[in-house]
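Chains, contacts and geometry: an overview
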Amino acid sequence: MKKNDINALIVYVIMLAIAIVTGLVFIRPTFDQYGYTVPLNNGFAFILLSVLGSILFNAFIIELGHVVGAKIGGYDIYSICVLWFSLKRRKGKMRFRIANFDGLTGETKVSPKDVSKSNPKPAIYMPMLFLLIEVVALIVIISVATVFQDATNSWPWWKAFSIVFMSAAFMIFVYQIFPAQLDNKNDGYLFGILTNQTNKEAYNNMLLSEYKLAIGEEVGETPIYDNVTDFTSRINDITLYKRLEALDYDGVIEICEKTIACEKDVSDRVFYTAVANKVSMLIMGDKLEDAKNYWISQKLDTKKNIMACYNAPCIRAYSLVSAFIDGSEIETKHTLDKVDSIIRATPTNKRAVEDKLIDVVFEIIVKGRPEWDFRDYQDATEEAPENDSDEA
């Protein structure tokens, strides 16, 4: 198990402990004493609505903090996502979309107004401040409810409702401030990175490059990091996708190998994507024997995740593996069936390149397997309808 997976497991255990203690120590006594007066006449429905409401409210609070902090720090905001409900700037207007996100409950995407002066730290502080204000307000409600609660009023349930909200706030707070890399982006890890001006400028350059890619502008040269983490892999991806667009197979493999060499320092998702890219580049670059040997050498878990085709690089790799290494017409066609949905789910700034690459992959397969009938798949690689997903 990788370090970031262990960190995530620790955090989830802490969050689970908070939920259990909340339920057994604080909520259960209220039900034991006042259960016959529970709102909606259904304890399960009351708790379920309280939990859902607390998750939605705290997700909103976190992203509101990111938005306010980004404005204070000198950033323009072009995408706000709260639990898949997203507002994305297009042609000067914010438009609603359903989108994926990199975070526990949402993600706010920004672009620096000035690479050297924009300060990302307020966007880290403000969500914590908002959560603190929420907790103080909930403590006041709980205190008042404790004094006035009895069987003739609703104060016991206001108290229970507030305790559930505060529990959710604490769980999100633990995740957000944890000072290490987790399975999703969190502010504590980001704060540890942004300890000096050099890292701040590198981070701002990455944000600016991602924004330019998202709106289709040309991105200048960006550094390629040998020491790859989930953070630096995002910077390396900028050059990687420029090389992918140019069909520079060897250049892409060079970047992928840097990530693969740092397997212990990156998340599984980043590692599997790097392996998938390398496999597909070897086959597309007419190095089938090298690709076959490399694919065979991979661990079973790596193969299974790539075969699941959860993103565009994986579907590129596995369709080529199925066609030229496994020689399976059925599996190749089964993989091609997933193309449209995968392209739709590809982040906006990568979609055009991945769409182009899928076309190239399809042409290679059709040419390399002339005995197979692909008439039903001629439309499989057409450009997918526009959708603003933001997670690979």
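Keep in mind that what you see is a predicted model, and the values were worked out from it rather than measured.

As for the overall build of the protein chain
Broken down by element type, the protein chain carries 15 helices and four strands. For the C-alpha atoms alone, the extent of the protein chain along its principal axes is close to 80 × 50 × 40 Å. Across the protein chain, contacts joining residues at least 24 apart in sequence account for 69% of those joining residues at least 6 apart. Total accessible area on the protein chain stands at roughly 18,900 Å², and carbon and sulfur atoms take up 60% of it. The positive charge centre, built from 41 side chains, and the negative charge centre, built from 50, are 4 Å apart in the protein chain.

Points about empty space enclosed by the protein
Unoccupied space between atoms shows up once a probe the size of one water molecule is rolled over them. Enumeration according to the criterion identifies one cavity of 30 Å³ or more in this entry. Reported here for the largest cavity is a volume of approximately 360 Å³. Surrounding the largest cavity, 27 residues form its lining, His66, Thr108, Lys185, Leu190 and Tyr203 being those nearest its centre. Of all the secondary-structure elements, those providing two or more residues to the lining of the largest cavity are α2 (43–73), β1 (75–82), β4 (106–112), α3 (122–148), α5 (187–193) and α6 (197–215). The element best represented in the lining of the largest cavity is β4, accounting for five residues.

Some thoughts on the pattern of salt bridges
This model, assessed by the stated rule, comprises 12 salt bridges. Arginine 316 is the partner of glutamate 354 in a salt bridge, and the nearest nitrogen-oxygen pair spans 2.9 Å. With a gap of 38 residues between them, glutamate 354 in helix α15 (residues 348–368) and arginine 316 in helix α12 (residues 312–324) connect regions that are remote in the sequence. For glutamate 354, a relative accessible area of 0% translates into the label buried.

Quick look at the pairing of strand β3 (residues 93–98)
Where strand β2 (residues 85–90) lies against β3, six bridges are found, and the strand directions are antiparallel. Note that in β3 the partner of leucine 87 across the bridge is phenylalanine 96. Remark: two residues form the turn of the hairpin made by β2 and β3, two consecutive strands paired antiparallel; lysine 91 in that turn has positive phi of roughly 55 degrees.

Remarks on a nonpolar patch on the surface
A cluster of nonpolar side chains, namely Leu129, Leu132, Ile133, Val136, Val140, Ile141, Val144, Val147, Phe148, Trp155 and Trp158, defines an oily patch on the protein surface of about 1,000 Å² accessible area. Only α3 and α4 (155–177) provide two or more residues apiece to the nonpolar patch. No other element matches the nine residues that α3 contributes to the nonpolar patch. Here valine 136 is to be found in helix α3. Given the relative accessible area of 45%, valine 136 is considered partly exposed.

Observations regarding the environment of leucine 182
Take leucine 182: it is sitting in the loop between α4 and α5. On a C-alpha basis, the gap between leucine 182 and threonine 348 in space is 24 Å, while along the polypeptide they are 166 residues apart.

A short note on the nonpolar core
Counting residues in hydrophobic clusters, the biggest one holds 52 residues, and the most contacted among them are Leu244, Val279, Ile283 and Met284. Mapped by element, the contributors of at least two residues to this core are α7 (230–245), α8 (249–261), α9 (268–284), α10 (288–297), α12, α14 (339–345) and α15. Residues contacting leucine 244, with those up to four places away along its chain left out, are Val252, Asn277, Met281, Arg316, Val353 and Leu357.

Regarding the packing of aromatic side chains
Tallied over the full model, the rule gives 14 aromatic pairs. Ring plane angle 75 degrees and centroid distance 5.4 Å describe the contact between phenylalanine 46 and tryptophan 157, whose orientation is recorded as edge-to-face. Of the two residues, phenylalanine 46 is situated in helix α2 and tryptophan 157 in helix α4; the sequence distance between them amounts to 111 residues. Ring pairs connect the aromatic residues Phe57, Trp158, Phe161 and Phe165, which therefore count as one cluster. Across from the ring centre of tyrosine 294, 4.1 Å away, lies the NZ or CZ of lysine 278, which sits over that ring.

Some details on the side chain of serine 319
Looking at the secondary structure, you find serine 319 in helix α12. Look at serine 319 and you get buried, because its relative accessible area is 2%. Here serine 319 is in contact with Thr332, Thr335, Val361 and Ile365, once residues within four sequence places are set aside.

Quick word on the packing of helix α11 (residues 300–307) against α12
Helix packing geometry: the angle between the two helix axes and the distance between the axes. At their nearest, the axes of α11 and α12 sit 8 Å apart, and the two run at 105 degrees to each other. On the basis of their axis angle, the class for α11 and α12 is roughly perpendicular. Along the contact surface, α11 presents Asn305, Ile306 and Met307, while α12 presents Cys314, Ala317 and Tyr318. The residue inventory of the contact of α11 with α12, partitioned by class, reads five nonpolar, one polar and no charged.

As for the state of the cysteines
Applying the stated criterion to the full structure yields zero disulfides. With no disulfide of its own, cysteine 309 has cysteine 314 as its nearest cysteine by sulfur position, at a separation of 6.8 Å.

Examining the side chain of lysine 159
Relative to the assigned elements, lysine 159 resides in helix α4. Aspartate 32 is the oppositely charged side chain nearest to the buried, salt-bridge-free lysine 159, at an N-O distance of 13 Å. In contact with lysine 159, not counting residues within four places along its chain, are Ile142, Ala145, Thr146 and Gln149.

Observations regarding the confidence of the model for the protein chain
Chain-level statistics for the protein chain give a pLDDT mean of 87 and a share of 95% at 70 or above. Counted against residues more than four places away or in other chains, residues 380–392, with its pLDDT under 50, gives 56 contacts.

Considerations on the pairing of β1
In terms of burial, β1 is a largely internal element, six of the eight residues being buried. By the bridge criterion, seven bridges tie β1 to β4 in an arrangement that is antiparallel. Residue serine 79 lies in a different strand from β4, and its bridge partner there is lysine 109. Of the strand pairs in this sheet, β1 and β2 are connected by four bridges, and their pairing is antiparallel.

The rules we used
- Residues numbered from 1 in each chain as written.
- Predicted model: local features only at pLDDT ≥ 70, side-chain atom pairs only at ≥ 80, totals over all residues.
- Heavy atoms only, no water.
- Helix = DSSP H or I, 4+ residues; strand = E, 2+ residues; numbered from the N terminus.
- Contact = heavy atoms within 4.5 Å.
- Areas by Shrake-Rupley, 256 points an atom, 1.4 Å probe, with all protein chains shown as cover.
- Lys, Arg positive; Asp, Glu negative; His and termini not counted.
- Charge placed at Lys NZ, Arg CZ, Asp CG, Glu CD.
- 1 Å grid on protein atoms, 1.4 Å probe; cavity = no way out; pocket = protein on both sides within 12 Å on 5 of 7 lines; lining within 4 Å.
- Points joined across faces, edges and corners; volume = space filled by probe spheres on them.
- Salt bridge = Lys/Arg side-chain N within 4 Å of Asp/Glu carboxyl O.
- Buried < 20%, exposed > 50% of the residue type's maximum accessible area, 1.4 Å probe, protein only.
- Pairing = 2+ DSSP bridges.
- Patch = residues over 30% accessible without salt bridge, like charges linked within 9 Å, V, L, I, M, F, W, Y side chains within 5 Å.
- Core = buried A, V, L, I, M, F, W, Y, C linked by side-chain atoms within 4.5 Å.
- Phe/Tyr/Trp six-rings, centres within 6.5 Å; stacked < 30°, edge-to-face > 60°.
- Lys NZ or Arg CZ within 6 Å of the ring centre and 35° of its normal.
- Axes fitted to C-alpha atoms, helices over the stretch in contact; angles between N-to-C directions.
- Parallel < 35°, antiparallel > 145°, perpendicular 65-115°, else oblique.
- Nonpolar A, V, L, I, M, F, W, Y, C, P; charged D, E, K, R; others polar.
- Disulfide = S-S within 2.5 Å.
- pLDDT = per-residue confidence, 0-100.

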